[in-house]
Amino acid sequence: MNEASYIDEGATLAIVGFMSSCLLSFLAIRSKYESRAVRLEKLADILFLCGLIILFLTTILIAFNVI
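Residues numbered from 1 in each chain as written. Predicted model: local features only at pLDDT ≥ 70, side-chain atom pairs only at ≥ 80, totals over all residues. Heavy atoms only, no water.

**Some thoughts on the overall build of the protein**
When its secondary structure is counted, the protein shows two helices and zero strands. When the backbone C-alpha atoms are referred to their principal axes, the protein occupies close to 50 × 15 × 10 Å. For the protein, buried positions account for 19% of its 67 residues. Restricting the contact set of the protein to residue pairs at least 6 apart, pairs at least 24 apart contribute 59%. Taken as a whole, the protein presents about 5,200 Å² of accessible surface, with 69% of it coming from carbon and sulfur. Charged side chains in the protein number 5 positive and 6 negative. The centres of these two groups are separated by 21 Å. (Helix = DSSP H or I, 4+ residues; strand = E, 2+ residues; numbered from the N terminus. Buried < 20%, exposed > 50% of the residue type's maximum accessible area, 1.4 Å probe, protein only. Contact = heavy atoms within 4.5 Å. Areas by Shrake-Rupley, 256 points an atom, 1.4 Å probe, with all protein chains shown as cover. Lys, Arg positive; Asp, Glu negative; His and termini not counted. Charge placed at Lys NZ, Arg CZ, Asp CG, Glu CD.)

Rendered as C-alpha cells:
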C-alpha cells in the first residue's frame, strides 16, 4: 500500500467514528429512557474520542513524513 492509501484509511476511520458518535448522540437525546440515554452518551463519547485520536495520529504521521 502507498502512503495515500494509509491517509485515506485513517480519514475514513475517523469519519466513521465521528458519524457514529453523532448518531448515538442523537439517539441519546431522543431516548425516552434515562438509562439508555446515559449508555448511548457514554458510547458516543468513546467513539468521538477514538475518532479524534485516529485523526491526530494520521496528522502526525503526515507531518513527520512517516508514511
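**Some thoughts on the packing of aromatic side chains**
A full pass over the atoms with the stated rule returns one aromatic pair. With a centroid separation of 5.3 Å and 50° between ring planes, the pair formed by Phe18 and Phe48 is classed as tilted. With Phe18 in helix H1 (residues 3-30) and Phe48 in helix H2 (residues 34-63), the pair connects residues that are 30 residues apart, well separated along the chain. (Phe/Tyr/Trp six-rings, centres within 6.5 Å; stacked < 30°, edge-to-face > 60°.)

**Description of the side chain of Ser21**
Relative to the assigned elements, Ser21 resides in helix H1. With relative accessibility at 5%, the residue Ser21 sits in the buried group. Excluding residues that lie within four positions of it along the chain, Ser21 makes contacts with Ala44, Leu47 and Phe48.

**Overview of a nonpolar patch on the surface**
Where nonpolar side chains cluster on the molecular surface, the patch consists of Phe48, Leu49, Leu52, Ile53, Phe56, Leu57, Ile60 and Phe64 and spans about 770 Å² of accessible area. Residue class for Ile53 comes out partly exposed when judged on its relative accessible area of 42%. (Patch = residues over 30% accessible without salt bridge, like charges linked within 9 Å, V, L, I, M, F, W, Y side chains within 5 Å. Salt bridge = Lys/Arg side-chain N within 4 Å of Asp/Glu carboxyl O.)

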